[in-house]
Every structure is written in C-alpha cells, then in structure tokens.
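A closer look at the structure
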Amino acid sequence: MFHIIVDFEMARDARRGREHQGSEIIQFGAVKLNDVYETVDEFSQYVRPENIQIDADIEALTGISNETVADAPVFSEALNSFLDWIGDAEVKVYSWSLTDYYQLHHECERKELLDERVLRLLENWEDFQEVFGKELGVSHSLRLEHALKAANIEFEGKAHDGLTDARNTAHLFVLSKDRAKFEKAIAVIAEMFRPKKSLSTSLGAFFPAGMDLPEGPDSEV
C-alpha cells in the first residue's frame, strides 16, 4: 500500500461566485510513501488552465504565472500523468484540508473526466488537517505552517508550491505515525501553555486561527 500526500495549486475565476466551480488546477504536487512511511517518489506538474488567466494575486502567492504554464499540458493530460504516476497499487490519499479533494472532484466532473481511476482516489481520501488537529486537540482549521511549528519542524522551501507543501505535509504525516516522537516534538509548546497532562487534551485551545505560535528552543520557523 502507498500513501499519497497531495497539494494542488489553483487559479480562480473571479466571475464565478462559488469556490471550486470556476477554479482550475495549475500545479499538481504529490509525495508517495511506502507502507513504512518512506518517501519513494515525488510528482510535480504545472497545468495550463483552459478557461481562465492566472491573475496577479495568484502569481504573487504561488510564483506561477501565465508564462510559467504557457507550454504546460492541459488538465486532462496532466491528470493522466498524475494517475499513471500513482499506478494501480492500493493507495490512501491525504491532503491538508479537503480543498484539494473538492477541487479535483468538481474539475473532473465539469470536464467529464470523473472516471474509475479518479473515483478510486476520491473514495480513499483523508483530510489530514483534521486528523492532525485532533491529535493536538484543535477544533478549528490549523494552517500548515502553524502545525509544523507546533511539531517543532522547520518549514522547508517556499509555501504555496504544490510539491513543497506536499513534502512538508508528508513530514507531519510521518511524525504522526510515531507517537513517542510526536509527543516529544510538541512537548515544548505543551509545557509553555498548560500544566503537564496527557497531550490528547485541549492544546488546540491555545492556537486561535492566524496566531503566530511561539518557537521552541530548536526551531527556526
């Protein structure tokens, strides 16, 4: 079994009010882990949107411009490459929130690409943001950068690149599979904010959305 950690970058159509309805994926990013949580492969592919232009805000956020994707494959071609890369083995897919899940589902549906291979991914998809938040006792959405800081892991690379964000999410995923290391990683922050007790309690109460977390002694995030 393989664990696929994904992160998609999207450009939105400002004329469409509902999220995901007018958006198009402009980068696939993913990391493939084996059944003992070792990285065995990575995937990154820019995608040329067919119905919208990448605006200045998205370019500033992601570093992806219309020029970047001018020679990139369109969604159907990039999706086939992504699915071929995943292969036919048993997989579980994880993303930081369900934004990527809904984007893939809606875009495939709109473009009549919702086939058996796509459905297999969607049926085996997990919101790792929710899973990790529960481990910390967080009841609201937690930004990836804050989750890394809570685990005393330095964010590697530039945020909002699909492969970079997938790699960083994979770091958290692997850490979460080793309970002893996970508890040790967040022990410094737990000590700062509350009396000593089981780490399964409400650490998340101290992390309101948007709050910059304090750094542990070994963290540079």
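Criteria and thresholds
- Residues numbered from 1 in each chain as written.
- Predicted model: local features only at pLDDT ≥ 70, side-chain atom pairs only at ≥ 80, totals over all residues.
- Heavy atoms only, no water.
- Pairing = 2+ DSSP bridges.
- Helix = DSSP H or I, 4+ residues; strand = E, 2+ residues; numbered from the N terminus.
- Axes fitted to C-alpha atoms, helices over the stretch in contact; angles between N-to-C directions.
- Phe/Tyr/Trp six-rings, centres within 6.5 Å; stacked < 30°, edge-to-face > 60°.
- Buried < 20%, exposed > 50% of the residue type's maximum accessible area, 1.4 Å probe, protein only.
- 1 Å grid on protein atoms, 1.4 Å probe; cavity = no way out; pocket = protein on both sides within 12 Å on 5 of 7 lines; lining within 4 Å.
- Points joined across faces, edges and corners; volume = space filled by probe spheres on them.
- Nonpolar A, V, L, I, M, F, W, Y, C, P; charged D, E, K, R; others polar.
- Salt bridge = Lys/Arg side-chain N within 4 Å of Asp/Glu carboxyl O.
- pLDDT = per-residue confidence, 0-100.
- Contact = heavy atoms within 4.5 Å.
- Polar contact = N/O pair within 3.5 Å; in protein donor to acceptor, adjacent residues only side chain to side chain.
- Expected span 1.5 Å × (residues − 1).

A few words on the sheet that holds strand β4 (residues 91-95). Backbone-to-backbone hydrogen bonds join strands into a sheet, with any given pair of strands oriented parallel or antiparallel. Read across the sheet, 5 strands follow the order β3-β2-β1-β4-β5 without closing on themselves; strand pairing throughout is mixed. The open sheet is flanked by β3 (39-46) and β5 (125-127), the only strands paired with a single partner. In this sheet, neighbouring strand axes are inclined to one another by 25° on average, regardless of whether the strands run parallel or antiparallel. As paired strands, β4 and β5 are joined by 3 bridges and run parallel to one another. Opposite Y94, over in β5, you have E126 as the bridge partner.

With that settled, the discussion passes to the packing of aromatic side chains. Counted under the stated rule, the structure contains 17 aromatic pairs. Plain terms: the ring middles of F43 and W85 are 5.4 Å apart, the flat faces sit at 40° to each other, and that makes the pair tilted. Here W85 lies in helix α2 (residues 75-86) and F43 lies in strand β3, a separation of 42 residues in the sequence. Residue class for F43 comes out buried when judged on its relative accessible area of 10%. The class of W85 is buried, set by a relative accessible area of 13%. An aromatic cluster is present here, built from F8, F28, F43, F75, F82, W85, Y101, Y102 and W125 joined pairwise through their rings.

This paragraph deals with the layout of surface pockets. The computed volume of the largest pocket comes to approximately 560 Å³. D7, F8, E9, T99 and H160 are the residues nearest the centre of the largest pocket, which is lined by 22 residues in total. Secondary structure elements with two or more residues in the lining of the largest pocket: β1 (2-11), α1 (56-62), α3 (99-110) and α6 (144-150). With 4 residues, the single largest contributor to the lining of the largest pocket is β1. When grouped by side-chain class, the residues that make up the lining of the largest pocket number 8 nonpolar, 6 polar and 8 charged.

Turning next to the pattern of salt bridges. Side-chain pairs of opposite charge can arise whenever the charged atoms involved come near each other. This structure, assessed with the given rule, holds 6 salt bridges. Close ionic contact of E107 with K111 constitutes a salt bridge, the shortest N to O distance being 2.8 Å. Three or more residues are tied together by salt bridges with common partners; here these are E24, E50, E107 and K111.

In this section: the confidence of the model for the protein chain. Residues of the protein chain with pLDDT of at least 70 account for 79%, and the chain-wide mean is 85. Scored below 50 in pLDDT, residues 192-196 makes 10 contacts in the model with residues more than four places away or belonging to other chains. Counted against residues more than four places away or in other chains, residues 199-221, with its pLDDT under 50, gives 55 contacts.

We now examine the side chain of H3. Relative to the assigned elements, H3 resides in strand β1. Since its relative accessible area comes to 7%, H3 is described here as buried. Among the polar contacts listed, one links the side chain of H3 to the side chain of Y94, at a separation of 3.0 Å. Setting aside its immediate chain neighbours within four residues, H3 contacts V31, K32, L33, N34, D35, Y37, K92, Y94 and F173.

Moving on, we get to the pairing of β4. Buried residues dominate β4, accounting for 4 of its 5 residues. With 5 bridges connecting them, β1 and β4 associate as parallel partners. What sits directly across from I5, in β4, is Y94.

The buried fraction of strand β2 (residues 24-33) amounts to 10 of the 10 residues, a majority that puts the element mostly inside the structure. Where β2 meets β3, 7 bridges bridge the pair, whose relative direction is antiparallel. The residue bridging G29 from the neighbouring strand is S44, located in β3.

Another aspect to go through is α3. Helix length check: α3 (12 residues) gives 16 Å between terminal C-alpha atoms against 16 Å at 1.5 Å per residue, within 8%. Of all the residues in α3, the buried ones are D100, Q103, L104, H106, E107 and C108. Those residues of α3 that are buried lie in contact with β1, β2, α2, β4, α4 (116-123) and β5. Looking one or two places after α3, you find E112, whose phi comes out positive at around 55°.

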